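Structural description and commentary
Here are the chains, one letter per residue:
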Amino acid sequence: MIGIYFSGTGNTKYCIKRLTKQLDASADIVPLEQKNIAALIQKNDKIILGYPIQFSNIPYIVREFIKSNQILWKGKKVLCVATMGAFSGDGAGCSARLLKRYGAEILGGLHIRMPDSVCDSKLLKKSLEQNKRIVMEANRKIDSVTCQIKDGRYPKNGLHFVSHILGLFGQRFWFYTKTAGYTDKLKIHENCIGCGMCVSLCPMKNILLQNGKAVAGKRCTMCYRCVSHCPQQAITLLGNEVKEQCRLDRYI
Ligand SMILES: Cc1cc2nc3c(=O)[nH]c(=O)nc-3n(C[C@H](O)[C@H](O)[C@H](O)COP(=O)(O)O)c2cc1C
Ligand code: SF4
Ligand code: SF4
């Protein structure tokens, strides 16, 4: 077994680590950006694949990852795990349908609610106490799903036809263009001090330092990793001002 995740602000990494370790203490847990990922997929029959939901869809980097490794999925048994701030409808189903197309067997789907990662919008913001409770509830769900899986029963969150309709018309259809590719909408503001942290964190290598300032490219996958870590709060994406940086270590 192997746990593979894409994680912007740490939520998905945390969930995949907890679930995978409880199911198989010796399993590797790796980010999908890791260089030897194809070899690791080849070596493992059972895969737990986790990612954050964006507008009831999978992040474009995850879609590309599944497609670019399409010959490797044949015969693999995959549990699809989606973390989300509130609602996705069929978050797990989005990758499950794609993986099935490439010959994978879908073991199940799991949805886990976590703190919202959109740092520059107040929409889903919660208090510290509320976020702590959300993480405790996530822990409970992961632990109970672990017992279920050990009994041979996989959760089926997001795999049903009704979930598909809810995900599609609840959000995905209306916001489809947001996740149909990478975006050039990342904004780096004047107060950037050129520390380079965003450059080293970006999974897309979408930020460069030029003349002592960070400069954004056109291949952002909207993960919010740079936004949530910039010491100057100088980066925004969907909004124009950082409201609160999403940092999981404050909620555990
Ligand atoms: C661009 C973007 C869009 C999002 N859209 C949704 C959404 O449609 N529904 C939802 O419940 N959460 C949404 N979220 C929240 C994240 O899915 C959630 O916070 C997730 O746990 C973040 O995981 P990570 O820390 O591993 O990146 C969105 C986050 C981002 C950055
Ligand atoms: S992390 Fe912030 S301050 Fe540092 S280089 Fe990036 S934008 Fe500038
Ligand atoms: S630019 Fe920032 S938000 Fe976009 S992919 Fe890179 S780290 Fe993520």
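This text follows the structure it describes.
The structure contained in this document is the topic of the report that follows. (Residues numbered from 1 in each chain as written. Chains lettered and ligands numbered in written order. Predicted model: local features only at pLDDT ≥ 70, side-chain atom pairs only at ≥ 80, totals over all residues. Heavy atoms only, no water.)

**Comments concerning the packing of aromatic side chains**
This structure, assessed with the given rule, holds five aromatic pairs. Their ring planes at 90 degrees and their centres at 4.8 Å tell us that tyrosine 60 and tyrosine 182 sit as a pair that is edge-to-face. Separated by 122 residues along the polypeptide, tyrosine 60 in helix 3 (residues 60-68) and tyrosine 182 in the loop between helix 6 (161-172) and strand 6 (187-188) bring together distant segments of the chain. Ring geometry for phenylalanine 173 against tryptophan 174: centres 4.8 Å apart, planes inclined by 85 degrees, an arrangement best described as edge-to-face. Pairwise contacts between aromatic rings join Phe169, Phe173 and Trp174 into one cluster. (Phe/Tyr/Trp six-rings, centres within 6.5 Å; stacked < 30°, edge-to-face > 60°. Helix = DSSP H or I, 4+ residues; strand = E, 2+ residues; numbered from the N terminus.)

**Observations concerning the environment of asparagine 11**
With respect to the helices, strands and loops of the structure, asparagine 11 is situated in helix 1 (residues 11-23). For asparagine 11, a relative accessible area of 6% corresponds to the buried category. For the pair asparagine 11 and alanine 104, spaced 93 residues apart in the sequence, the C-alpha separation amounts to 25 Å. In this structure, asparagine 11 is in contact with Thr83, Met114, Pro115 and Leu248, ignoring residues within four places of it in sequence. (Buried < 20%, exposed > 50% of the residue type's maximum accessible area, 1.4 Å probe, protein only. Contact = heavy atoms within 4.5 Å.)

**Section: the site of ligand 1**
In the neighbourhood of ligand 1, 24 residues make up the surrounding shell, with Ser7, Thr9, Thr12, Ile53 and Ala86 lying closest. Interatomic distance of 2.6 Å between a side-chain N/O atom of threonine 12 and an oxygen atom of ligand 1. In the complex, 96% of the free accessible area of ligand 1, which totals 650 Å², lies under the protein chains. Mapped onto the shell around ligand 1, the elements with two or more residues apiece are helix 1 and strand 4 (77-84). (Near = heavy atom within 4 Å. Polar contact = N/O pair within 3.5 Å; in protein donor to acceptor, adjacent residues only side chain to side chain. Areas by Shrake-Rupley, 256 points an atom, 1.4 Å probe, with all protein chains shown as cover.)

**Observations regarding the pairing of strand 8 (residues 213-216)**
Sheet topology note: the strand 7 (residues 207-210)/strand 8 ladder contains four bridges and is antiparallel. Following the sheet pairing, leucine 209 is matched in strand 8 by alanine 214. (Pairing = 2+ DSSP bridges.)

**Some remarks on the site of ligand 2**
Near ligand 2 there are 13 residues, and of these Cys192, Cys195, Gly196, Cys198 and Cys230 occur at the shortest range. Classifying every residue of the shell around ligand 2 by side-chain character gives ten nonpolar, three polar and no charged. (Nonpolar A, V, L, I, M, F, W, Y, C, P; charged D, E, K, R; others polar.)

**Observations concerning the sheet that holds strand 2 (residues 28-31)**
The sheet built from five strands is open, its strands ordered 2-1-3-4-5 with parallel pairing. Of all the strands in the sheet, just strand 2 and strand 5 (105-113) have a single pairing partner and so form its edges. Between one strand and the next, the sheet's axes are offset by a mean angle of 20 degrees, whatever the strand orientation. Where strand 4 lies against strand 5, eight bridges are found, and the strand directions are parallel. Each bridged residue has a counterpart across the sheet, and for cysteine 80 the counterpart in strand 5 is glycine 109. (Axes fitted to C-alpha atoms, helices over the stretch in contact; angles between N-to-C directions.)

**So, helix 4 (residues 91-101)**
The buried fraction of helix 4 amounts to eight of the eleven residues, a majority that puts the element mostly inside the structure. Those residues of helix 4 hidden inside the fold are in contact with strand 3 (46-52), helix 3, strand 4, strand 5 and helix 6. Just past helix 4, the residue glycine 103 takes up positive phi, approximately 95 degrees.

**So, the packing of helix 1 against helix 5 (residues 128-150)**
The interhelical angle for the contact between helix 1 and helix 5, taken along N-to-C directions, is 30 degrees, at an axis separation of 10 Å. Looking at the two axes, helix 1 sits roughly parallel to helix 5. Crossing hand, helix 1 versus helix 5: right-handed. Residue-level inspection shows Tyr14, Cys15, Arg18, Leu19, Gln22 and Leu23 of helix 1 in contact with helix 5, the latter providing Val135, Asn139, Ile142, Asp143, Val145, Thr146, Ile149 and Lys150. (Parallel < 35°, antiparallel > 145°, perpendicular 65-115°, else oblique. Left-handed = near helix turned anticlockwise from the far one by under 90°.)

**So, the side chain of threonine 12**
Within the secondary structure, threonine 12 sits in helix 1. With a relative accessible area of 1%, threonine 12 lands in the buried category. Non-local contacts of threonine 12, meaning those with residues more than four positions away in its chain, are made with Tyr5, Phe6, Ser7, Gly50, Tyr51, Pro52 and Thr83.

**As for the side chain of histidine 111**
Within the element layout of this structure, histidine 111 appears in strand 5. Only 3.0 Å separates the side chain of histidine 111 from the backbone nitrogen of alanine 92, close enough to count as a polar contact. Sequence-distant contacts of histidine 111, that is, excluding residues within four places in its chain, are made with Ala82, Met84, Ser88, Gly89, Asp90, Gly91, Ala92, Lys141, Asn157 and Gly158.

**Looking at the nonpolar core**
Note on soluble globular proteins: their nonpolar side chains tend to be buried together. Core analysis: the biggest nonpolar cluster contains 36 residues, and Ile4, Leu49, Phe65, Ile66, Trp73 and Leu99 have the highest contact counts within it. For this core, the elements supplying multiple residues, two or more each, are strand 1 (2-5), helix 2 (37-43), strand 3, helix 3, strand 4 and helix 4. When residues of this core are assigned to domains, at least three map to each of domain 1 (2-178) and domain 2 (181-250). Judged by nonpolar contacts, the second largest core, of 21 residues, contains Leu79, Ile112, Met114 and Tyr154. (Core = buried A, V, L, I, M, F, W, Y, C linked by side-chain atoms within 4.5 Å. Domains from an automatic or database assignment.)

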